[in-house]
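One letter stands for each residue in the lines below.
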Amino acid sequence: MQLGRIYGTQMEKALRGEVTPEMVQVAESEGWQPEALMAEIAAGRIVIPANNRRPRASYCGVGRGLRTKVNANIGTSKGTSGIEFEKRKLDISIECGADAVMDLSTGPDIDGVRRALIADCPIAFGTVPIYQATVEAQELKGAIINMTEEDILRAVQKQAEDGVDFMTIHCGLTMEALERLRKHPRITDIVSRGGSFLTGWMIHHQRQNPFYSQFDRILEIAKEYDITLSLGDALRPGCIADATDRGQVQELMVLGELVQRCRAAGVQVIVEGPGHVPMDQVEMNIKLQKRLCEEAPFYVLGPLVTDVAPGYDHITSAIGGAIAAAAGADFLCYVTPAEHLSLPTEQDVRQGVIASRIAGHAADLAKGIKGAMDWDKAMGKARKDLDWGEQRRLSMDPTAFDKHPHTRDKTGCSMCGPYCAMRIVSDYLGRPAGSC
């Protein structure tokens, strides 16, 4: 029995004028009316990643006018991590307020790892199917190039059956896009791991990317399970000097056409965006995507605004992420301090999630997202009152208060002591704490 065919996707239901329980929940969490949210889902400007085989207690919406969402990448790597380590990263991601996680596993027992992580995951769960197809081809057939189209589709099907809510599908990397890359060479060529796998396969076989040539079959799977397709940016720039080149824009144009095919099929879709972009090009990249992809939700990695800060790329990406989200990006993929250095540790994951959440919230303030300013106003009043308990409660990362256990009381903190500016001014103005 094909549940998706009977009940329909969130988009199909919205097009029929049906408000689903998932829409009601998201609307309540965002301060929207359910009917308004339904209209945006019908138009494809908002998605609710929600595999119909994995009902859960909490859902989130991604798209125009909603709070900027944050994704955390986790997953095993051959020889360097295992399932228990990745489970701890999952727990930290959830604790720090991530709205979604993606399993990027390339280590042993990819199926077992994915199923174990999904079983413990109360938030949206994503994957990158080409990783599994490639790893299995290498291990079972001796080489990546021995992978078949059916191997790729089998990975998509299997992950859908396991309850994955959204999938990165590298469908915009066409033979034509590769030719653009040849004619307009880059410093870093292709830094997308999935993109590199497919490039090797395409060049060896001199055949079109299976994700593109078999896109209708992928749509059938996505429709059956209500998978949100995340159209991947295989040609994203890997360094500042490669940003916004012909290969990147060629791929984006293809993705815009595939967005139309997703919507025609009633399949929810988002589009992935660039990685390394100088500050002066970030807003332009967002507006270009929104134009070419007809306002589909935009999911960006960072973007990182400089290449020269290894160990601090959670900061370089937060700068770019704040600019991107303020310009209209809807979903930020975190970048950790370990980017370009190693597999992230648990502390790296924490710092990556918090940095992206800061970027997203700063952008929400700039965009006037409902409820964003209320949070900051509450924190301002708690600081005025020297109410440390309330400040901790309102803090994006309450553990920061444990890392700085210095004197804090009604006279101030250890930084200013009796010379606390707010306490002194309140005394002279005759306005006691809490009166403003």
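Predicted model only: the values in this text are computed from it and were never measured.

A. Structural view of the packing of helix α9 (residues 175-183) against helix α10 (residues 193-205). Viewed as axis vectors pointing N to C, α9 and α10 meet at an angle of 95°, and their least axial separation amounts to 11 Å. Accordingly, the angle class assigned to the pair α9 and α10 is roughly perpendicular. Counted together, Met 175, Leu 178 and Arg 182 of α9 and Thr 199, Met 202 and Ile 203 of α10 form the full contact between these two elements. Residue composition of the contact of α9 with α10, by class: 4 nonpolar, 1 polar and 1 charged.

B. Here's a closer look at unusual backbone geometry. Between Gly 302 and Pro 303 the backbone carries a cis peptide bond, its omega angle lying at -5°. Here Pro 303 shows up in the loop between β9 (298-301) and α15 (313-327). The phi dihedral of His 340 is positive, around 75°, even though this residue is not glycine. Mapped onto the elements, His 340 comes out in the loop between β10 (331-333) and α16 (346-367). The exposure class assigned to His 340 is exposed, which follows from its relative accessible area of 51%.

C. Local environment of the side chain of Asp 103. Topologically, Asp 103 is positioned in strand β4 (residues 100-103). No salt bridge is formed by the buried Asp 103, whose closest oppositely charged neighbour, Arg 114, lies at an N-O distance of 5.3 Å. Residue contacts for Asp 103: discarding those within four places in its chain leaves Ile 74, Gly 75, Val 113, Arg 114, Leu 117, Phe 125, Gly 126, Thr 127 and Val 128.

D. Focus on the pairing of strand β8 (residues 269-273). Counted residue by residue, β8 has 5 buried out of 5 residues, so it is predominantly covered. Here β8 shows a buried face lined by Val 269, Val 271 and Gly 273 and a second buried face lined by Ile 270 and Glu 272. For the crossover from strand β7 (residues 228-231) across helix α13 (residues 246-264) to β8, the handedness is right-handed. Where β8 and β9 come together, 3 bridges link them in parallel fashion. Its bridge partner being in β9, Val 271 is matched across the sheet by Phe 298. On the question of chirality, the crossover connecting β8 to the parallel β9 by way of helix α14 (residues 279-292) is right-handed.

E. Up close: a nonpolar patch on the surface. Residues Tyr 419, Ile 424, Val 425, Tyr 428 and Leu 429 make up a contiguous nonpolar surface patch of about 620 Å² in total accessible area. Residue position: Leu 429 is located in helix α20 (residues 421-429).

F. Main features of the nonpolar core. Core analysis: the largest hydrophobic core is formed by 96 residues, its most contacted members being Ile 130, Phe 211, Leu 229, Leu 231 and Val 271. Residues contacting Leu 229, with those up to four places away along its chain left out, are Met 167, Ile 169, Phe 215, Ile 218, Leu 219, Ala 222, Cys 262, Val 267, Gln 268, Val 269 and Ile 270. Of all hydrophobic cores here, the second largest spans 13 residues; its members include Leu 37, Ile 41, Tyr 59 and Leu 66.

G. Structural context of the domain arrangement of the chain. Partitioning the chain into domains gives domain 1 (10-43), domain 2 (48-367) and domain 3 (372-429). Considering only the side of domain 2, the residues that lose the most area to domain 3 are Arg 357, His 361 and Leu 365, jointly responsible for 58% of the buried surface there. Here domain 2 and domain 3 share 1 salt bridge between them. As a salt-bridge pair, Arg 350 and Asp 397 come within 3.8 Å of each other at their nearest N and O atoms.

H. The environment of Arg 236, seen in detail. For Arg 236, the position within the fold is in the loop between β7 and α13. The spacing of Arg 236 and Gln 10 is 226 residues in sequence and 29 Å in space, taken between C-alpha atoms. If sequence neighbours within four positions are ignored, Arg 236 has contacts with Arg 186, Val 191, Ser 192, Glu 251, Gly 273, Pro 274, Gly 275 and Leu 301.

I. The UniProt feature "binding site: Zn(2+)" (unreviewed entry) in the chain, seen in detail. Summarizing the sequence annotation, UniProt attributes the feature "binding site: Zn(2+)" (unreviewed entry) to His 276 and His 340 in the numbering used throughout. With the annotated positions falling across 65 residues, the maximum pairwise C-alpha distance of 12.2 Å places them together in a single cluster. In this structure, His 276 sits in the loop between β8 and α14. When sequence neighbours within four positions are dropped, the list of residues in contact with His 276 reads Pro 237, Gly 238, Cys 239, Ile 240, Ala 243, Leu 304, Asp 307 and His 340.

J. The pairing of β4, seen in detail. Going residue by residue along β4, you find Ala 100 and Met 102 tucked away on one face and Val 101 and Asp 103 tucked away on the opposite face as well. Taken together, strand β3 (residues 69-74), helix α5 (residues 83-95) and β4 constitute a β-α-β crossover, and its handedness is right-handed. Here β4 runs beside strand β5 (residues 124-127); their pairing, made up of 4 bridges, is parallel. Bridged to Ala 100 within β5 is Ala 124.

Rules behind the numbers
- Residues numbered from 1 in each chain as written.
- Predicted model: local features only at pLDDT ≥ 70, side-chain atom pairs only at ≥ 80, totals over all residues.
- Heavy atoms only, no water.
- Axes fitted to C-alpha atoms, helices over the stretch in contact; angles between N-to-C directions.
- Helix = DSSP H or I, 4+ residues; strand = E, 2+ residues; numbered from the N terminus.
- Parallel < 35°, antiparallel > 145°, perpendicular 65-115°, else oblique.
- Contact = heavy atoms within 4.5 Å.
- Nonpolar A, V, L, I, M, F, W, Y, C, P; charged D, E, K, R; others polar.
- Buried < 20%, exposed > 50% of the residue type's maximum accessible area, 1.4 Å probe, protein only.
- Lys, Arg positive; Asp, Glu negative; His and termini not counted.
- Salt bridge = Lys/Arg side-chain N within 4 Å of Asp/Glu carboxyl O.
- Right-handed = clockwise from strand over helix to strand, strands pointing away.
- Pairing = 2+ DSSP bridges.
- Patch = residues over 30% accessible without salt bridge, like charges linked within 9 Å, V, L, I, M, F, W, Y side chains within 5 Å.
- Areas by Shrake-Rupley, 256 points an atom, 1.4 Å probe, with all protein chains shown as cover.
- Core = buried A, V, L, I, M, F, W, Y, C linked by side-chain atoms within 4.5 Å.
- Domains from an automatic or database assignment.
- Buried area = accessible area lost by both parts, 1.4 Å probe.
- UniProt positions renumbered as here; feature names shortened; annotations may be inferred.

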